[in-house]
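Coordinate inspection notes
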Amino acid sequence: MLKDVERILIDEKELDEITSRLADKINHDYKDSDKPLILLIILKGSLVFASDLMKKINLPLELEFMKVSSYGAGTKTSGEIKIHLDLMRDHLEQYDLLIIEDIVDSGRTLSRLTQLLKNRNANSVRTCTLLDKPSRREVDFAPDYCGAQIADEFVIGYGLDYNEKYRNLPFVGILKREIYS
Ligand code: PRP
């Protein structure tokens, strides 16, 4: 896999610092909440990030998972989100939801998912992403917690894939153009 990597964008030490910084903020922000915290892990890309982040959160928390995809603009289904796997939880008004993502690109997935969960009356809904590509934004959306803003590069590793490969690389790297073009 390493031969397909153009260069390392965020190495293991930097990822460790990012998850520590985000966890400190989350620990601070939720410490006085009277509702249980649910980390809502969006499959598949956020799995590695979520697993490192949660070990640094010192509050009681529960885990749920969703797998979703959003349709881009210009399709018949624009404005919708497709739920491939839903979270197994009722009475969301009893919980603070923190959605964990690997990357925000157009912003469609997280803006629609946030709205969906607010419509299900969650006590609160916030978003935490490892990476953000603000230059790719197509809808007005800003994550509550962000590990790093990056340029519009093809990133892989630490959960992120190309054709389902490279998720197990321990760093975030830039994929060689010849692999995907
Ligand atoms: C990625 C990422 C977000 C979404 C972001 O998921 O995990 O869910 O795309 O894009 P957006 O801001 O343009 O909506 P992907 O569909 O690649 O699935 P995966 O996590 O299973 O790899």
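For the structure, check the block above.
We now turn to the structure provided with this report.

About the cut-offs
- Every chain's residues receive numbers from 1 upward, in the order its sequence appears when written.
- Given that this is a predicted model, residues contribute local features only at a pLDDT of at least 70 and side-chain atom pairs are listed and counted only at 80 or more, while totals for whole chains, interfaces and linings are drawn from all residues.
- The basis for the side-chain values is all heavy atoms of the structure; hydrogens and waters are excluded.
- Working definition: helices are DSSP H or I runs of at least four residues, strands are E runs of at least two. Numbering for both runs from the N terminus.
- Here's how the labels work: a residue is buried when its accessible area is under 20% of the maximum for its type, exposed when over 50%, partly exposed in between, all with a 1.4 Å probe on protein chains only.
- By the convention used here, residues are in contact when the closest approach between their heavy atoms is within 4.5 Å.
- For the area figures, the Shrake-Rupley method with a 1.4 Å probe applies, and any residue is considered shielded solely by the protein chains shown.
- Note on charges: Lys and Arg go in the positive column, Asp and Glu in the negative column, and His and the chain ends are not counted at all.
- By convention, the point assigned to a charge is CZ for Arg, NZ for Lys, CD for Glu and CG for Asp.
- Pairing of aromatic rings covers Phe, Tyr and the six-membered ring of Trp, with a centre-to-centre limit of 6.5 Å; geometry is then stacked below 30 degrees between planes, edge-to-face above 60, and tilted otherwise.
- When the NZ atom of lysine or the CZ atom of arginine is within 6 Å of a ring's centre and also within 35 degrees of its normal, the charge is said to sit over that ring.

Let us now look at the overall build of the chain. A count of helices and strands for the chain gives 4 helices and 9 strands. For the chain, the spread of C-alpha atoms along the three principal axes comes to 50 × 45 × 25 Å. Out of the 181 residues in the chain, the part that is buried amounts to 43%. In the chain, once contacts between residues fewer than 6 apart in sequence are set aside, the share between residues at least 24 apart is 66%. On the chain, roughly 9500 Å² of surface is accessible, and the fraction owed to carbon and sulfur atoms is 48%. When the 26 basic and 31 acidic side-chain charges of the chain are each reduced to a single mean position, those positions are 4 Å apart.

For the peptide bond that leads from Leu-43 to Lys-44, omega is 0°, which places it in the cis range. Here Lys-44 lies in the loop between β2 (37–42) and α2 (47–54). Positive phi outside glycine occurs at His-91, with the angle close to 50°. Relative to the helices and strands, His-91 is located in the loop between β4 (81–85) and β5 (96–104).

Below, the discussion takes up the packing of aromatic side chains. For the coordinates displayed, the defined rule picks out 3 aromatic pairs. Judged by centre distance (5.4 Å) and plane angle (90°), the rings of Phe-154 and Tyr-162 are edge-to-face. Note on Phe-154: relative accessible area 27%, which makes it partly exposed. Relative to Tyr-180, the ring of Tyr-162 has its centre 6.4 Å away and its plane inclined at 65°; by these criteria the two rings are edge-to-face. Here Tyr-180 lies in helix α4 (residues 177–180) and Tyr-162 lies in the loop between β8 (155–156) and β9 (172–175), a separation of 18 residues in the sequence. Using a relative accessible area of 27% as the deciding quantity, one classes Tyr-180 as partly exposed. Taken together, the ring pairs in this structure connect Phe-154, Tyr-162 and Tyr-180 into an aromatic cluster. Above the ring of Tyr-95, the side-chain terminus of Arg-89 is found at 5.0 Å from the ring centroid. Lying across the ring of Tyr-30, Arg-126 places its NZ or CZ 5.0 Å from the centre.

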